[in-house]
Structure formats: structure tokens, C-alpha cells
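As a plain string of letters, each chain reads:
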Amino acid sequence: MKTVQAWGRLSNAEHQVIPLITPSHASRQIRQGTLPAIAHGMGRSYGDVALNGNGVLWLTTAMNHLISFDLTTGILHCEAGATLQDIHRTLIPQGWMLPVTPGTQMITVGGAIANDVHGKNHHAFGSFGDHVLYIKLLRTDGEIIECSKTERAEWFYATVGGIGLTGIILEAKIQLRPVQSSWIDAETIPYHNLDEFFALSDSSEPDWEYTVSWIDCMNGANAKGLFSRGNLAGASTQDEPAINDKTFPITPPVSLVNKLSLPVFNFAYFHGNSLKSQPQKVHYEPFFYPLDAMHEWNKMYGPKGFYQYQSVVPKQIGKEVTQEMLNAIKKSGEGSFLAVLKTFGDRESGGLLSFPKSGVTLALDFPNRGEKTLKLLNELDHIVAQAQGRLYLAKDARMPRSLFEAGYPQLNEFLKYRDPGISSEMSRRLLGA
């Protein structure tokens, strides 16, 4: 048995961890093991989607081979344990990049598919699943299902965003996109209220592929922030930056994100980055993955961990709902440093349980202060439910079942494809098994 935590570090449950060595051996390993279990990759989901306390985890990180890559078409065939970092550091020098990447590259392809992750360019390229061409899926009864958008498509769309409950993803084929360099032409623009944010978002999306903003949510509806936008740069002779190997050194006895530090952090971050608002060339790693610059940064929240909370609400009421959420945060006295506000494009992901849809998404982090924090999250739940929004399963650790069922209307269709030999702490909380 081994203690395994999610990225939010909210629990310390022991698990029996079984490394899946190769796709060809996985079926035998699973048949010889104990059920139910759940696949687990790099452990970057914030909540309980890939946890199975006092039960079995199938660790997929050894299945990390890039099986083949076609330099002409850009089609990558890889095992599910390959990380986005593996792919980018191998193939960007060859002129190819993943079309969609989230805020960390320390995740596996299997995890990216199971959570149908999104990035800064949803309005242009949709979510990760939009670029997956093929999935090889292992059921716990030994059946192998090979599916795509045209062959056994019902299994494909249940598995994309299916939080690992349809089977173990063994392999995938992904359509990459051509790039001329590893650099981004980027700029950061300060904004001082939500009206300015939405004006920047609307004016930027036609011409800028990547758009996202950090928001200071300490001031309620009068929130200011930093709007970042970028496009892939052309060919460049700039030297590649040194690879970061810094690690957050300790777990402090209390969260470093607190009432005293947050105003200082937010003030310094806003004004420091406002001074850097001129256009610049940025390497793709700090542009896409700023938090990856410090390994194990989640330790800064102390031994009790933290909650991540990401919602999406309809665009036509997005401003009003965001204001209401920010006012609730201010009133509570809680605060978030890693707060991100952006808009999703007018497209909905195909996955039956995929999170992205047309609307406004706000992602927040809150140090775990027990009942006080949970009270605020319950208030935010109410606001999201009233707006007919949904929460992101990859980040959730405590959503009530009623909000899950209301936010994911294709749930009953999805349940037809559940593997009875797979269970997680999230599935037991939200599905009862």
C-alpha cells in the first residue's frame, strides 16, 4: 500500500498501486488484480477523479512510448502514459505541436483524453478530444475496443471526457499541427473592471489564437486583472531557454496563501506584470505552463491542501454571474491567487461528460480552511446552478450530486458505457458506485 494524493493534497489515503508495464501486458495484470480500480497517471487532477482510497490504482506512466509519428501528416501514435512534455520536447523541434494543451504539460495523454482538457485557444481549436483520431480501450473483462469518431463512435465520445470510467486507455492517435518555432508572439494588457475584460476578449479572439486572463478577485465586482494574448511565432533563431529544475522546497506548517499574503501577492503580480505590457516573444513553456516553472508548487498551501473550483456559465449572462461570484468571494473573506477568467468559443465538445462549452469560465483556488471554505464553495455552487452552468470534473473534490446531474445532461447516455470493474472516489460520490 502507498499513500497517493491528488494535486490539491486534500486527502492522504493509501492505495494499492499496480504499474501497468505495457499495453500488451495490461489485460493480464488487470485480470489478476482486485476490482474495482481506476487508472492513474501523473496525479495532476486536483480532486478525487483518479483516487480510489484503500483500493487499487493502475499506474499508467510506464506506458509512455511514442509508437510512431508521420512527419508528413502530423499524426502521432502513442501509449496513454506519454506526457504532453514528452510529446512537445520531442516533436516541436521537428515542426509539430499539440493543437490544444492545458495549464500544465505534466499530464499523460490518457489523462488529457479522460478529462478532455482545454487550453487558452478553445475559441480557435476546441478541446483536446477534438484532435484525437483513435483510442484503444481495455475493458476490465479483457475486451479491447478500438474506436474513433467514425468507428464505434459511441465508445469514443463516452471515453473522451469520461473521467476514466469506460475502461483503461492504452493507446491513442492524435492529429498534431505544424509550427515554425517554439516561440509565441505575446502581449499582456492590464484591465480594471469586467467591462474592460469582456471588451478585450471580444476584440482579441478574431485575431489572437491564445487568450486568457489572471484576475484579482479580492475586490469583488470591481476586479482588475491582466489579459494575455498570443499567436504562434514564425521561424526564429533564438536560443532555447534552459530547462527549469526548481522544486518548492518544503511544506510550510500553514498555507502561504492567506489573508495577509494575498493582497501583497496580487498587488505585486498586477503591477509587476503591468510594467511588462509591451509585445514580446515568449517561449511556449512559460507561456502555456507558467506554474510548471516551480515543481511541487502545490506545497505552498500547507498540509491541509487546497480546493480548485472551475465553472462555466452561459456567455449571455457571463458578466453578471461572474460579478455575483466575485462579490460572494469578497464577502466571505476568502481569496484566490491563481484565479483565471476566460471565455470559451461557441462550440461544445463531443464527449458526453466533457466540460468545455460556449460560455465564460472562472477558475479559482482556495486554501482549505475547513467549514468556512466549504461554505463559500456551496454559495458558488448555488450561483452556478442558478445560471445553468457546470463544474470541471478534473478539478472537483466536493461537488454535490445534484449540481453534477444538472450540469451534465448526457449523463444517462454515458452510463451505458461504464465499466463495472472501474470505480473512483469521484464516481462513488457523484454516481453512487
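Provided above is the structure to which this section pertains.
Calculation rules
- Residues numbered from 1 in each chain as written.
- Predicted model: local features only at pLDDT ≥ 70, side-chain atom pairs only at ≥ 80, totals over all residues.
- Heavy atoms only, no water.
- Salt bridge = Lys/Arg side-chain N within 4 Å of Asp/Glu carboxyl O.
- Buried < 20%, exposed > 50% of the residue type's maximum accessible area, 1.4 Å probe, protein only.
- Helix = DSSP H or I, 4+ residues; strand = E, 2+ residues; numbered from the N terminus.
- Core = buried A, V, L, I, M, F, W, Y, C linked by side-chain atoms within 4.5 Å.
- Contact = heavy atoms within 4.5 Å.
- Pairing = 2+ DSSP bridges.
- Axes fitted to C-alpha atoms, helices over the stretch in contact; angles between N-to-C directions.
- Parallel < 35°, antiparallel > 145°, perpendicular 65-115°, else oblique.
- Left-handed = near helix turned anticlockwise from the far one by under 90°.
- Expected span 1.5 Å × (residues − 1).
- Arc of directions from axis to C-beta.
- Phe/Tyr/Trp six-rings, centres within 6.5 Å; stacked < 30°, edge-to-face > 60°.

Brief notes about the pattern of salt bridges
Right, so step 1: This model, assessed by the stated rule, comprises 20 salt bridges.
Right, so step 2: A salt bridge links aspartate 216 to lysine 224; the shortest N-O distance between them is 3.4 Å.
Right, so step 3: Look at aspartate 216 and you get buried, because its relative accessible area is 4%.
Right, so step 4: The salt bridge partner of lysine 315 is aspartate 346, with a shortest N-O separation of 3.7 Å. Pair noted here: lysine 315 is in the loop between strand S16 (306-313) and helix H9 (318-332) and aspartate 346 is in the loop between strand S17 (340-344) and strand S18 (359-367), with a separation of 31 residues, a long-range link.
Right, so step 5: Assessed through its relative accessible area of 30%, lysine 315 is described here as partly exposed.
Right, so step 6: For aspartate 346, a relative accessible area of 68% gives the class exposed.

Observations regarding the nonpolar core
Right, so step 1: Ranked by internal contacts, the top residues of the largest apolar core, which has 97 residues, are Trp58, Val109, Ile113, Phe128, Ile135, Ile215 and Leu380.
Right, so step 2: Aside from chain neighbours lying at most four places away, what touches isoleucine 113 is Phe128, Val132, Ile135, Thr159, Val160, Gly161, Ile169 and Ala172.
Right, so step 3: Membership of the second largest hydrophobic core comes to 14 residues, among which are Leu262, Tyr301, Phe306 and Leu338.

Comments concerning the sheet that holds strand S19 (residues 390-391)
Right, so step 1: Reading across the sheet, the eight strands line up as S15-S12-S14-S13-S17-S18-S16-S19 and stay open at both edges, with antiparallel pairing between neighbours. The outermost strands of the open sheet, each flanked by one partner alone, are strand S15 (280-283) and S19.
Right, so step 2: Bridge count between strand S12 (residues 183-191) and S15: four bridges; the pairing is antiparallel. Its bridge partner being in S15, aspartate 185 is matched across the sheet by lysine 281.
Right, so step 3: Along the sheet, helix H7 (residues 261-274) contacts S12, strand S13 (210-216) and strand S14 (224-232); its crossing angle with S14, the most-contacted strand, is approximately 45°.
Right, so step 4: Along the sheet, H9 contacts S13, S16, S17 and S18; its crossing angle with S18, the most-contacted strand, is approximately 10°.

Observations concerning the side chain of serine 311
Right, so step 1: By secondary structure assignment, the location of serine 311 is in strand S16.
Right, so step 2: Taking relative accessible area as the criterion, serine 311 reaches 1% and is therefore assigned buried.
Right, so step 3: When neighbours within four sequence positions are excluded, serine 311 is seen to be in contact with Met325, Phe355, Val360, Thr361, Leu362, Val384, Arg390 and Leu391.

Quick word on the environment of glycine 305
Right, so step 1: Summarising the element assignment, glycine 305 is placed in the loop between helix H8 (284-288) and S16.
Right, so step 2: Remark: the alpha-carbon pair of glycine 305 and tryptophan 7, spanning 298 residues in sequence, is separated by 8.5 Å.
Right, so step 3: Excluding residues within four positions of it along the chain, glycine 305 makes contact with Gly8, Arg9, Leu10, Pro367 and Asn368.

Some points on the packing of helix H6 (residues 194-204) against H9
Right, so step 1: Between H6 and H9, the least distance of the axes is 11 Å, while the angle of their chain directions is 140°. In this view, H6 runs oblique relative to H9, as classed from their interaxial angle. Judged by the twist between their axes, the crossing of H6 over H9 is right-handed. The segment H6 lies against H9, with Leu194, Asp195 and Phe198 engaging Gly318, Lys319, Thr322, Gln323 and Leu326.

Brief notes about H7
Residue pairs three or four apart in sequence face the same way in an α-helix, which turns once every 3.6 residues.
Right, so step 1: A rise of 1.5 Å per residue sets the reference length of H7, with its 14 residues, at 20 Å; its end C-alpha atoms lie 20 Å apart and thus fit the reference within 8%.
Right, so step 2: Listing the buried residues of H7 in full gives Ser261, Leu262, Asn266, Phe270 and Ser274.
Right, so step 3: The inward-facing, buried residues of H7 contact S12, S13 and S14.

Observations concerning the pairing of strand S2 (residues 14-19)
Right, so step 1: As defined by bridge partners, strand S1 (residues 2-3) adjoins S2 across two bridges and the pair is classed as antiparallel. When the bridges of S2 are listed, threonine 3 appears paired with glutamate 14.
Right, so step 2: Looking at chain direction, S2 and strand S4 (residues 56-59) are connected through four bridges and run parallel. Residue pairing in the sheet places isoleucine 18 in a bridge with tryptophan 58 of S4.

With respect to helix H10 (residues 371-386)
Right, so step 1: Taking 1.5 Å of rise per residue, the 16 residues of H10 would be expected to cover 22 Å, and the 23 Å separating its terminal C-alpha atoms lies within 8% of that figure.
Right, so step 2: Every buried residue of H10 is accounted for by Thr373, Leu376, Leu377, Leu380, Asp381, Ile383 and Val384. Seen end-on, H10 carries its buried residues on one side only, within an arc spanning 165°. Among the exposed residues of H10, those pointing more than 90 degrees away from its buried face are Glu371, Lys375 and Gln386.
Right, so step 3: Taken from the residues just after H10, glutamine 388 is the one with a positive phi, measuring 60°.

Side note on the packing of aromatic side chains
Right, so step 1: Taken as a whole and judged by the stated rule, the model has 21 aromatic pairs.
Right, so step 2: Between tyrosine 269 and phenylalanine 337 the ring centres are 5.8 Å apart and the planes differ by 80°, which places this aromatic pair in the edge-to-face class. Placement of tyrosine 269 in helix H7 and of phenylalanine 337 in the loop between H9 and S17 is noted, with a sequence separation of 68 residues between them.
Right, so step 3: Since its relative accessible area comes to 35%, tyrosine 269 is described here as partly exposed.
Right, so step 4: A ring pair is formed by phenylalanine 344 and phenylalanine 355, whose centres lie 5.9 Å apart and whose planes are at 80°; its orientation type is edge-to-face.

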